[in-house]
Amino acid sequence: MIIEPKNKEEDAIIIEFKVFNPRKENTLEDTVQSALAQIEEKKYESDLLTRGFVKNQIRKYGFAFEGKRVLIG
């Protein structure tokens, strides 16, 4: 999910949501890292950069879920 403000002076936000998979990850922290890695691998920020945002204006968050437990990184 990309949240792009109308005002280019404000920060844009990229959010990736992942559900903890015990076959792939050992902890929720691993799931957060997987979400953040996907943001980088898929180059989600490239559209924002082409629309005039600079790197320090783009915030990236990984959300990891396991039932009712949530970790944000």
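Quantities reported herein were computed from a predicted structural model and do not represent experimental measurements.

K.L.:
Would you explain the environment of R59 in this entry?
P.N.:
Mapping R59 onto the fold places it in strand β3 (residues 58-66). Sequence separation between R59 and R23 is 36 residues, and the spatial gap between their C-alpha atoms is 29 Å. When sequence neighbours within four positions are dropped, the list of residues in contact with R59 reads D11, A12, I13 and I14. A polar atom in the side chain of R59 sits 2.8 Å from the side chain of D11.

K.L.:
Which parts of the structure should I look at to understand the packing of aromatic side chains?
P.N.:
For any pair of aromatic rings, the description consists of the separation of the ring centres together with the inter-plane angle of the planes. Tallied over the full model, the rule gives 3 aromatic pairs. Ring geometry for F17 and F63: centres 5.1 Å apart, planes at 50°, overall tilted. Here the residue F17 occupies a position in strand β2 (residues 12-19), and F63 occupies one in strand β3, the gap between them amounting to 46 residues. Classification of F17 by relative accessible area gives partly exposed; the value is 41%. Assessed through its relative accessible area of 16%, F63 is described here as buried. Relative to F65, the ring of F63 has its centre 6.5 Å away and its plane inclined at 25°; by these criteria the two rings are stacked. Owing to a relative accessible area of 27%, F65 belongs among the partly exposed residues under this scheme. Taken together, the ring pairs in this structure connect F17, F63 and F65 into an aromatic cluster.

K.L.:
How do you make sense of the nonpolar core when you look at a structure like this?
P.N.:
The tendency in soluble globular proteins is for nonpolar side chains to be buried side by side. Judged by nonpolar contacts, A12, I14, I39, L48, F53 and I58 together constitute the single largest core of 6 residues. Dropping the residues within four chain positions of it, I14 is found in contact with M1, I2, I39, Y44, E45, L48, I58, R59, K60 and Y61.

K.L.:
Is there a simple way to explain the pattern of salt bridges in this structure?
P.N.:
When the charged atoms of two side chains with opposite charge come close together, those side chains can pair. With the rule as written, the count across this model stands at 7 salt bridges. Ionic pairing is found between E4 and K8, a salt bridge with its closest N-O pair at 3.4 Å. The exposure class of E4 is partly exposed, given its relative accessible area of 31%. Since its relative accessible area comes to 34%, K8 is described here as partly exposed. Across the pair R59 and D11 runs a salt bridge, and its minimum N-O distance is 2.8 Å. Highlighted residues: R59 in strand β3 and D11 in the loop between β1 (2-3) and β2, separated in sequence by 48 residues. With relative accessibility at 41%, the residue R59 sits in the partly exposed group.

Definitions and limits used
- Residues numbered from 1 in each chain as written.
- Predicted model: local features only at pLDDT ≥ 70, side-chain atom pairs only at ≥ 80, totals over all residues.
- Heavy atoms only, no water.
- Helix = DSSP H or I, 4+ residues; strand = E, 2+ residues; numbered from the N terminus.
- Contact = heavy atoms within 4.5 Å.
- Polar contact = N/O pair within 3.5 Å; in protein donor to acceptor, adjacent residues only side chain to side chain.
- Phe/Tyr/Trp six-rings, centres within 6.5 Å; stacked < 30°, edge-to-face > 60°.
- Buried < 20%, exposed > 50% of the residue type's maximum accessible area, 1.4 Å probe, protein only.
- Core = buried A, V, L, I, M, F, W, Y, C linked by side-chain atoms within 4.5 Å.
- Salt bridge = Lys/Arg side-chain N within 4 Å of Asp/Glu carboxyl O.

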